[in-house]
Amino acid sequence: MSLSLQDLKKTPASIVIFGGFGDLSWRKLIPALYNLFIGGYLPENFTIFAMDYHGRTDAAYDKHMLEGINTFSRTGKADPEKWNIFKDRLDYFQGDFTVPDTFPRLKKALEDYDKQWGKRAIRVFYYSVSPGFIQMITEGLSKYKMANNPSKDRIVIEKPFGTDLASAQKLNKLLTKDFKEQQIYRIDHYLGKEVVQNILAFRFANHIFEPLWRSGEVDHIQISVAEDVSVGTRGKYYDNSGALRDMIQNHLLQLLSVIAMDRPKSYTAECIRDEKVKVLKSVRKIKPEEVVRAQYTAGTVDGNKQAAYIDEVNVARNSKTETFVALKLFIDNPRWKGVPFLLRTGKCMPKKSSLITIVFKPTPNKIFKDDTNSNRLYISIQPEQTINLIVDGKVPGIEMKLQPVNMDFTYNDSFCEPSPEAYETLLLDVLEGDTTLFIRDDQVETAWKIVMPILDYWKKTSSGLKKYAAGTEGPKASDQLAKSVGAKWALSSPNETPLLCEPRKDKP
Ligand code: BG6
């Protein structure tokens with residue numbers, strides 16, 4: 001049972017961030033916690049232990065985190081008064097996972113707070129560390145019995161969750177040996193994004209869509225996550241990962257499951273996660289030789305020169321790692337029989353755009369000669385937060401002429417409240433003990449099973465790697481893949497280019 005916000009506020013909480021000085025803490029976690037604090041969402045009694053290997057002063061730590069908030073928080077620069085209160089709850093904790101006294105010291109610090117508050121606090125252990133440290137931390141927590149109360153203690157694991165199926169299974173085994181599945185929160189921050197959460201509301205609270213959301217009515221579905229950023233300073237991690245592991249295995253397959261799942265019996269974590277797993281389990285084995293993989297070469301993105309991937313810092317000069325993937329898959333269940341799903345993601349594309357496009361079948365028995373456009377539903381996750389339905393309408397005038405028009409729902413126009421950052425939503429859910437937006441063990445393993453044939457095939461041959469110039473929409477092979485099912489990628493946000501996506505001309 002998760003806590004209501006009201007109950008949470010009365011329940012003390014200790015939040016331990018392993019990797020408390022790292023990039024994720026700086027850019028995302030501390031700004032998100034600060035925003036939860038100023039929004040009045042955190043418990044009256046809480047403390048954040050930011051564990052870091054180096055011995056820094058509290059003042060140096062606070063200064064860096066304030067800079068992080070000022071730079072990355074969606075609410076802008078920190079309010080000096082509120083920051084002063086917040087920083088007193090930020091407890092810099094020097095600790096090295098390999099040194100034996102680190103964990104008993106942490107235990108004592110946690111217990112001291114429990115005593116001060118007169119109550120055993122909720123404990124959140126956030127693993128914001130590279131995968132190599134997961135075992136050490138888990139063993140430390142377990143040996144000193146710091147997280148042995150499943151209803152109060154939460155383990156939060158960042159991606160990457162393994163590098164393949166075997167390593168993910170190993171990791172699941174390691175974690176579930178010491179912790180209960182219900183206390184493990186595997187993060188996929190896409191699930192915390194406002195529009196992604198709204199897909200469930202949109203689909204299951206509006207009866208008009210349910211009859212349309214299926215084979216027979218839907219021609220094909222596209223899930224496209226284009227990024228304009230390059231690999232930047234993350235070459236060391238990325239060159240061993242690539243777009244398939246970094247984006248498709250997690251974010252895009254999670255988007256797929258939200259779009260394609262059947263109606264859950266109820267809005268509860270397990271019912272929702274059951275349906276998501278079911279749909280992933282129904283994905284037909286992807287033909288690896290048809291998957292498009294590509295790497296960016298030098299080019300220009302948004303007017304700025306961009307070096308080739310192989311010239312990035314910490315990337316092997318002969319690297320064959322893909323920065324772009326496009327693939328087609330089918331879901332073998334009655335709802336989606338024969339409907340192609342096109343997925344693509346890439347770095348250094350012309351524009352940041354996470355867009356789901358549902359293209360409906362053409363009107364049967366057309367009675368208008370210019371009824372040539374299929375209805376489309378665009379769900380734009382970012383940067384614009386919009387849902388647009390494209391329908392045909394009559395152009396005003398004495399002739400009967402049709403033209404596609406855009407029925408749009410724009411967050412900014414419809415709601416006064418700004419959307420929270422994904423990490424705010426997810427951290428609050430962790431504190432409340434709500435696992436709905438987190439990945440269960442079987443979900444993560446099923447997602448790996450989907451991509452494993454591709455990884456295995458790529459291990460054997462690197463000859464299929466294509467190139468695309470930075471600042472372009474990827475290689476031609478990606479357009480051909482879409483064309484193979486009679487489709488065309490929706491290139492950009494519908495507000496700018498409403499008609500770029502065409503219906504399929506033939507059947508697969
Ligand atoms: C991360 C990936 O999980 O998601 C990054 O590791 C990627 O490579 C990022 O850039 C994209 O997230 P967002 O929220 O910026 O779309």
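Residues numbered from 1 in each chain as written. Predicted model: local features only at pLDDT ≥ 70, side-chain atom pairs only at ≥ 80, totals over all residues. Heavy atoms only, no water.

### Re the site of the ligand
Okay, so step 1: In the vicinity of the ligand, the contacting residues are Lys-159, His-189, Tyr-190, Lys-193, Glu-227, Arg-234, Asp-246, Met-247, His-251, Lys-347, Lys-352 and Gln-382.
Okay, so step 2: One nitrogen or oxygen atom from the side chain of Tyr-190 is found 2.4 Å from an oxygen atom belonging to the ligand.
Okay, so step 3: Taking 390 Å² as the accessible area of the ligand by itself, protein coverage stands at 82%.
Okay, so step 4: With three residues, the single largest contributor to the shell around the ligand is helix 10 (residues 243-260).
Okay, so step 5: Looking at the shell around the ligand residue by residue, the class counts come to two nonpolar, three polar and seven charged. (Near = heavy atom within 4 Å. Polar contact = N/O pair within 3.5 Å; in protein donor to acceptor, adjacent residues only side chain to side chain. Areas by Shrake-Rupley, 256 points an atom, 1.4 Å probe, with all protein chains shown as cover. Helix = DSSP H or I, 4+ residues; strand = E, 2+ residues; numbered from the N terminus. Nonpolar A, V, L, I, M, F, W, Y, C, P; charged D, E, K, R; others polar.)

### Description of the confidence of the model for the chain
Detailed reading of the predicted model is not advised wherever pLDDT is low.
Okay, so step 1: Predicted confidence across the chain gives a mean pLDDT of 94, with 96% of residues reaching 70 or more.
Okay, so step 2: Confidence over residues 493-504 falls short of pLDDT 50; this stretch has 47 contacts with residues more than four positions distant or in other chains. (pLDDT = per-residue confidence, 0-100. Contact = heavy atoms within 4.5 Å.)

### Regarding the environment of Leu-29
Okay, so step 1: Position of Leu-29 among the secondary structure elements: in helix 2 (residues 23-38).
Okay, so step 2: On the basis of relative accessible area, Leu-29 is assigned to the buried category, the value being 0%.
Okay, so step 3: Between the alpha carbons of Leu-29 and Leu-329 there is a distance of 35 Å; along the sequence they are 300 residues apart.
Okay, so step 4: Ignoring anything within four residues of it in the chain, the contact list for Leu-29 reads Ile-17, Leu-24, Tyr-126, Ser-128, Tyr-423 and Leu-427. (Buried < 20%, exposed > 50% of the residue type's maximum accessible area, 1.4 Å probe, protein only.)

### Describing the pairing of strand 13 (residues 353-360)
Okay, so step 1: Here strand 13 lies mainly inside the structure; eight of its eight residues are buried.
Okay, so step 2: Side chains Ser-353, Leu-355, Thr-357 and Val-359 of strand 13 all project onto a buried face; the interleaved residues Ser-354, Ile-356, Ile-358 and Phe-360 project onto the opposite face, where all are buried too.
Okay, so step 3: In this sheet, strand 13 lies alongside strand 7 (residues 218-226) in antiparallel orientation, the contact comprising eight bridges. When the bridges of strand 13 are listed, Gln-222 appears paired with Thr-357. (Pairing = 2+ DSSP bridges.)

### Some details on the packing of helix 3 (residues 58-72) against helix 4 (residues 80-88)
Okay, so step 1: Direction vectors running N to C along helix 3 and helix 4 enclose 130 degrees, while the axes themselves pass 12 Å from each other. Judged by the inter-axis angle, helix 3 sits oblique to helix 4. Between helix 3 and helix 4 lies a crossing whose hand is right-handed. Taking contact as the criterion, the partners of Asp-62, Met-65, Leu-66 and Ile-69 in helix 3 are, on helix 4, Trp-83, Phe-86 and Lys-87.
Okay, so step 2: Here the residues of the contact of helix 3 with helix 4 sort into five nonpolar, no polar and two charged. (Axes fitted to C-alpha atoms, helices over the stretch in contact; angles between N-to-C directions. Parallel < 35°, antiparallel > 145°, perpendicular 65-115°, else oblique. Left-handed = near helix turned anticlockwise from the far one by under 90°.)

### Re helix 2
Okay, so step 1: Between the first and last C-alpha of helix 2 there are 22 Å, a value that for 16 residues agrees with the 22 Å anticipated at 1.5 Å per step.
Okay, so step 2: The axis of helix 2 is deflected most strongly, by about 35 degrees, at Leu-29, and proline Pro-31 appears within four residues downstream.
Okay, so step 3: Looking at helix 2, one finds that the buried residues are Ser-25, Trp-26, Leu-29, Ile-30, Pro-31, Ala-32, Leu-33, Tyr-34, Asn-35, Leu-36 and Phe-37.
Okay, so step 4: Gly-40 occupies a position one or two residues after helix 2 and carries a positive phi of about 80 degrees. (Expected span 1.5 Å × (residues − 1). Bend = angle between axes of the 7 residues up to and from the residue.)

### Quick notes on the pattern of salt bridges
Okay, so step 1: Across all of its chains, the model carries 27 salt bridges by this definition.
Okay, so step 2: Linking Arg-440 and Asp-274 is a salt bridge whose minimum nitrogen-to-oxygen distance equals 2.9 Å. Of this pair, Arg-440 sits in the loop between helix 13 (422-432) and helix 14 (441-460) while Asp-274 sits in helix 11 (residues 269-281), and the two are 166 residues apart along the sequence.
Okay, so step 3: A salt bridge links Asp-371 to Lys-366, with the shortest nitrogen-to-oxygen separation between them at 4.0 Å.
Okay, so step 4: Under the relative-accessibility criterion, Asp-371 is labelled buried at 8%.
Okay, so step 5: Residue classification places Lys-366 among the partly exposed residues on the basis of a relative accessible area of 41%. (Salt bridge = Lys/Arg side-chain N within 4 Å of Asp/Glu carboxyl O.)

### Points about the sheet that holds strand 4 (residues 122-127)
Okay, so step 1: Taken in spatial order, the six strands line up as 3-2-1-4-5-6 in an open sheet, and their pairing is parallel. On the outer flanks of this sheet lie strand 3 (90-94) and strand 6 (184-186), each paired with one strand and no other. The average undirected angle you get between the axes of adjacent strands in this sheet is 20 degrees.
Okay, so step 2: Relative to strand 6, strand 5 (residues 153-157) runs parallel, the two being bridged by three bridges. Within the sheet, the bridge partner assigned to Ile-157 lies in strand 6 and is Arg-186.
Okay, so step 3: Helix-sheet contacts for helix 4 involve strand 2 (46-52) and strand 3, and the interaxial angle to strand 3 is about 40 degrees.

### Concerning helix 13
Okay, so step 1: Burial analysis of helix 13 places eleven of its eleven residues in the buried class, the great majority of the element.
Okay, so step 2: For helix 13, every residue scored as buried is listed here: Ala-422, Tyr-423, Glu-424, Thr-425, Leu-426, Leu-427, Leu-428, Asp-429, Val-430, Leu-431 and Glu-432.
Okay, so step 3: Trailing helix 13 by a residue or two, Gly-433 shows a phi angle of about 80 degrees, which is positive.

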